[in-house]
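Observations on the three-dimensional arrangement
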There are 2 protein chains.
Amino acid sequence: MSSISLSEARQKNDQPNIIVIFADDLGYGDLGVFGHPSIKTPNLDRMAFEGQKWTNFYVAAPVCTPSRAGILTGRLPIRSGMSSDKRRVLFPDSNGGLPQSEITIAKALKGNGYQTAAIGKWHLGHKSPFLPTDHGFDSYFGIPYSNDMDKVEKTDHFTLTENERYQGYNVPLMRDEEIVERPTDQRTLTKRYTEEAVAKIKDFKKDPFFIYLAHNLPHIPLFRSAAFKDQSLGGIYGDVIEEIDWSVGQILATLKEEGIADNTLVVFTSDNGPWHIFKTHGGSAGLLRGAKGGTFEGGMREPTVFWWPAQIKPGVVMDMATTMDLLPTFCAISGTDLPDDRVYDGFDISGLLKGSGKSERETVFYYRGQRVFAVRKGDYKAHFITQLEYGNPTAHPVTLPAVTVENEATVLETPLLYNVNVDPGERFNIAEDHPEVIAEIRKVLAEHQAGIVPVENQLEKY
Amino acid sequence: MSSISLSEARQKNDQPNIIVIFADDLGYGDLGVFGHPSIKTPNLDRMAFEGQKWTNFYVAAPVCTPSRAGILTGRLPIRSGMSSDKRRVLFPDSNGGLPQSEITIAKALKGNGYQTAAIGKWHLGHKSPFLPTDHGFDSYFGIPYSNDMDKVEKTDHFTLTENERYQGYNVPLMRDEEIVERPTDQRTLTKRYTEEAVAKIKDFKKDPFFIYLAHNLPHIPLFRSAAFKDQSLGGIYGDVIEEIDWSVGQILATLKEEGIADNTLVVFTSDNGPWHIFKTHGGSAGLLRGAKGGTFEGGMREPTVFWWPAQIKPGVVMDMATTMDLLPTFCAISGTDLPDDRVYDGFDISGLLKGSGKSERETVFYYRGQRVFAVRKGDYKAHFITQLEYGNPTAHPVTLPAVTVENEATVLETPLLYNVNVDPGERFNIAEDHPEVIAEIRKVLAEHQAGIVPVENQLEKY
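Since the structure is predicted, the reported quantities are computational estimates derived from the model, not experimental observations.

Okay, the overall build of chain A next. Looking only at helices and strands, chain A features 11 helices and 16 strands. Relative to its length of 462 residues, chain A is compact, with a C-alpha radius of gyration of 21 Å against a globular reference of 23 Å. If one aligns the C-alpha atoms of chain A with their principal axes, the spans along those axes are about 60 × 50 × 45 Å. The proportion of buried residues among the 462 residues of chain A is 65%. The long-range fraction of contacts in chain A, counting pairs at least 24 apart against all pairs at least 6 apart in sequence, stands at 70%. Accessible surface, chain A: about 15,800 Å² in total, of which carbon and sulfur atoms supply 49%.

Take a look at the structure:
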C-alpha cells in the first residue's frame, strides 16, 4: 500500500470498507433466521440469505469485557490481562483497561490509511489511555461500559416505567473523550447509534473505513424508541431486537444508496449468550444449552452473519470460527500487515467468505475468567470444569427445580464429552465411549496453557 | 367450475396444483432456516426465503395417526374416531381406519377434477376401505403405517448395520392396494418416494393435481441413500434430513423445469415434534419445550413453509394456523365447495398466503388422545393437564435427573399459563398474574368440548 494513493487502491477494489455490528447479550436463538418464532428480523434474515450465516461462530469469552478485548485484538483476553476470576468485567470504579501495547483492529487498519469510528458500548476502560480514541479510533460516541451500571439506587427494573428506568442508571454518554449526557437517555440509544453510523458512512464514503458499532442493547435494562414500543409479538425483548434489526436495515440501505455496498463487508454478531436470569427480559440460546457467563455452547456461540455483496459466496457456513478471526481476516482483505511480534488466536477466514478453502481453526478454548473450562477440537467438546449459572432456567420447570444460586465451579474427574455437531444441545455425554478423544483434547489444552505468558491483570485494578 | 373445462380453468390460473410434503417426527428446530446449526437444508432455506416461513403452525395431535387424520380431513381427530387414550396410533393388528364418511383433501379436490396421488406413509388404516385409494387418491405408493412396525425380533437398532436394520422391520411397501415389497428396503425409501413424486408431476402436469408426499422419515429406524451416508455434520439424523431437503429441491426443480412452478402451491411441514427418546436418532424442537407425544409446544408446533412463486407474498408469518387449515384453504384456492354437513376445525388462510388479511384462528386445542391437555388463545396457552414424556431429556443432564419412565397425566389444580409469543419455551408460568385469562380459556374449552359429538373409536378396534 505504500506506493499508491488510497483512491487508487479504492479503484482497484482492494481496500473494502468494514463494519462490525456487535450486539450485547443477544442469544443464539434470537433472530428469525436462527429460529426465533416471534421476533421479526427481516433485515438480518435477508442479510443472511444474501450473505453467509455462520452457525459455529464463537466469542473469546462469555461476558462483556473479555469478549470485547478478544474481538478487537484478535487475541484471547488472558493475553492482554483483560480477564479475571475475581472481577469478570470492568466496572465504573475500575482503573484498568486494554493496554496500549495491544493493537486493535482500528489501530491496525488506521495504520493502513483507514478512517475509523467506534460507536456504542466500549467496556475496555473508560479512563485515559484506554478509551476508543486511545486505541486507533478517530472518533467515539457511546456509553463506555454496560448500560446497567452506575445504578442510582436499588431498583427493580421490571416494575419501573421506562422514564424512571433510564434515570435509575446514571451512565454517561461520551463523544470522544467528553461526557455529553448523563444519565444517558437510553430510550433512543439504538436509534442514535444508528444515526451516528449512517452519518459516518456518508462522511467516510470516498475512502476506506472501519466502523465498530457495538450496541448496548439487548443487555438489560431494555429500551427502545417510541416507534418500536409494543410492536413485537416477542414483548419488550422482541421490540429491542426488532429495533436492532431496523438499525441493520438502515446501515445496509445507506451502503446501497451511497453505491458502496459491493465494496463493504458487514459482520453482525454478539458479545456473548443471552442473560437468562432476566427471564423475559433476556434472550434465548435456541437449541443450545447454557447462557451468558457460562461455557456451554449457549454462552459463547453467537448468531453471526457476514455480508459483502460483490465478494461473498452466499450460503450457510458451519466451519468453526471466532471473533478473534476478524482481525487477521480484515488485515488480509485490506492488505494490512499482521504484526508479527505477538501471538494471535485468530485465523484469516477470507477464503471461506469467498467460497474457497476451509477454516484453519481446529480448536476453541472456552475460558471462564482465566481458567479454561472446556475445549472444542473438531466435532468434540470436552468440559473439564463446569459451573451452572445463577438463575439459568431449566427446560422442565414443572418438575425440576430452577437453579437459584450460583454454583461453585466443579473440576470434573472425568470430563463431559459431547459431539457438538451431532448434539449441539450438549445433551448426551459420550465420555465413556471416547477416552482417546478426551486424552487428545487434554494434550491440546496442556500445549495451549504452556504458551500463555502471565501479564498484569487489568480487571483487578480498582 | 361447472361451466368451463379444466384446461380453460387452468389457463385462467384459478386451479393451482397443490403438493403437501409431510415429514415424520421432524422437530421444530431441525431445519437450517428454523435454527439448526449443523444440518444443511439449502433447498428448504431457499423455499422459505422465496415463500413464507410460518412460525406458529400446529398439528392436530402430537402423534402420527391422529395428526394425519387432522391434516387430511380438516377436522380434529376426535371427530372421526381417530384418537384414543388407550392406543395412540394404529398398529399392524388394527382393524379400524379413517371412516368412509370422512372427506379427505384428495376426495374433495378429486370431486372438482383434480388428479390425486398419495406417496409415503399413510397410517390411517391399512385394510379396505381405509387405504388411500379408498379415500380419493387415484394412486398410492408407500408404507401404510410407521416404518418401525412389524418388528421381526427385539432389535437394538443402534447397534445393527443398516442392512440388518431394515430387515428387522418387516414393513410392507404397497402400490395402490397391493404389497410390492416386504420388508421394504428402507435404505432407498426417501429416494424412491421422490422419484415417484417427480414422475407424478410430469405425468399430471397438463391438468390440476394434488400430491400428498408423506415421508416415512426421519421417524426411526433411520435410513438414507448411499449418496447421503455420513455426509452431514449432524450425524445419521442430519443425513436423513439432508436427503429430505434434497427431495424438496428435486420437486421444486421439476416444477420449474415443467413450467408449472408459478401455478403450484407447495406446503412443507411435519406430523409432530421430534422423538427425543431416541437421542441422537431423534430431532430437536429448537427453543421449544417438549417433544413428540406431548402437548408442550415442541410436540405440536412444526417447521412449516409455503411456496407458491406467482401468488405468495414472501416473508415470515407468525399468525396461528394448523394443518387443519389446509383443506379449507385448498378448497378456496381451487374453487371447490367446502362440504357444509360437518364441523371443520380449519380456516381458509389463502388471504395470508397472498399477503392480505389475518388468520381467523383464535384458538389451538392441544389434544393428547381424546383429552384436551392445553388450549392456546391468542398469545396465551393454559395447560390443564400435563404429562412428561418418557425419556424426554432435560436441558441440564449434569445435575438434573433424566425422566426415565412415562409419568401419569396430572390434572393441575391451577393450570400452567404461558405467553407463548413472549416465552415460546414455556419457561415462565404466569398463572398467578392472570387468573382472568385462565377463566376465559376455561370457558373457550368448555364451549369446544360441548360441541364434540361421540363417534365410534377406530384406534381401539383390533
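Back to the write-up after that little detour.
For A:Arg87, the position within the fold is in the loop between α3 (64-73) and α4 (105-110). Leave out the neighbours within four places in its chain, and A:Arg87 touches A:Asp93, A:Ser94, A:Leu459 and A:Tyr462.

Let us look at the sheet that holds strand β10 (residues 304-307) of chain B. Residue and element names in this part refer to chain B. Here we have 10 strands laid out as an open sheet, ordered β7-β6-β5-β4-β8-β1-β9-β10-β2-β11, and mixed in their pairing. This sheet does not close on itself; its edge strands, each paired only once, are β7 (178-181) and β11 (315-317). Sheet twist, expressed as the average angle between the axes of neighbouring strands with direction ignored, equals 20°. Together, β1 (17-23) and β8 (209-214) form the strand contacts of helix α3 (residues 64-73), whose direction differs from that of β1 by roughly 170°. Each of β1, β8, β9 (264-270) and β10 touches helix α7 (residues 235-257); the most contacted strand, β9, lies at about 170° to it.

Residues and elements named next belong to chain A. Taken in spatial order, the 10 strands of this open sheet run β7-β6-β5-β4-β8-β1-β9-β10-β2-β11, and their pairing is mixed. Across the chains shown, the open sheet's two edge strands, defined by having one partner strand only, are β7 (178-181) and β11 (315-317). Each adjacent strand pair in this sheet contributes to an overall mean axis angle of 20°, direction not counted. Relative to strand β8 (residues 209-214), strand β1 (residues 17-23) is paired through five bridges, and the arrangement is parallel. Across the sheet, the residue bridging to Ile18 is Phe210, located in β8. Helix α7 (residues 235-257) contacts β1, β8, β9 (264-270) and β10 (304-307) of the sheet and is inclined by roughly 170° relative to β9.

What follows is about the packing of aromatic side chains. Across all of its chains, the model carries 29 aromatic pairs over all chains by this definition. Members of the aromatic cluster, joined through ring pairs, are A:Phe22, A:Trp122, A:Phe137, A:Phe210, A:Tyr212 and A:Phe330. Across the ring face of A:Tyr462, the terminal group of A:Arg87 is positioned such that the distance to the ring centre comes to 3.6 Å. Residue placement shows B:Lys292 over the ring face of B:Trp275; its charged tip is 3.5 Å from the ring centre.

With that out of the way, let us pick up the domain arrangement of chain A. Residues and elements named next belong to chain A. On domain assignment, one finds that chain A holds domain 1 (9-358) and domain 2 (365-450). For domain 1 versus domain 2, the separation of C-alpha centres amounts to 26 Å. Tallying the contact residues gives 28 residues for domain 1 and 27 residues for domain 2. Between domain 1 and domain 2, roughly 2,300 Å² of surface is buried when both sides are summed, and carbon and sulfur atoms account for 55% of that area. For domain 1, the biggest contributors to the area lost against domain 2 are Asp85, Thr295 and Phe296; these three give 23% of the whole. Linking domain 1 with domain 2 are two salt bridges, by the criterion used here. The salt bridge involving Glu297 is made with Lys381; its shortest N-O contact spans 2.8 Å. Counting across the domain 1 and domain 2 interface gives 11 residue pairs in polar contact (both at pLDDT 80 or more). Split by residue class, the side of domain 1 that touches domain 2 holds 13 nonpolar, eight polar and seven charged.

Conventions adopted
- Residues numbered from 1 in each chain as written.
- Chains lettered and ligands numbered in written order.
- Predicted model: local features only at pLDDT ≥ 70, side-chain atom pairs only at ≥ 80, totals over all residues.
- Heavy atoms only, no water.
- Helix = DSSP H or I, 4+ residues; strand = E, 2+ residues; numbered from the N terminus.
- Rg over C-alpha atoms; globule rule 2.2 N^0.38 Å.
- Buried < 20%, exposed > 50% of the residue type's maximum accessible area, 1.4 Å probe, protein only.
- Contact = heavy atoms within 4.5 Å.
- Areas by Shrake-Rupley, 256 points an atom, 1.4 Å probe, with all protein chains shown as cover.
- Pairing = 2+ DSSP bridges.
- Axes fitted to C-alpha atoms, helices over the stretch in contact; angles between N-to-C directions.
- Phe/Tyr/Trp six-rings, centres within 6.5 Å; stacked < 30°, edge-to-face > 60°.
- Lys NZ or Arg CZ within 6 Å of the ring centre and 35° of its normal.
- Domains from an automatic or database assignment.
- Buried area = accessible area lost by both parts, 1.4 Å probe.
- Salt bridge = Lys/Arg side-chain N within 4 Å of Asp/Glu carboxyl O.
- Polar contact = N/O pair within 3.5 Å; in protein donor to acceptor, adjacent residues only side chain to side chain.
- Nonpolar A, V, L, I, M, F, W, Y, C, P; charged D, E, K, R; others polar.

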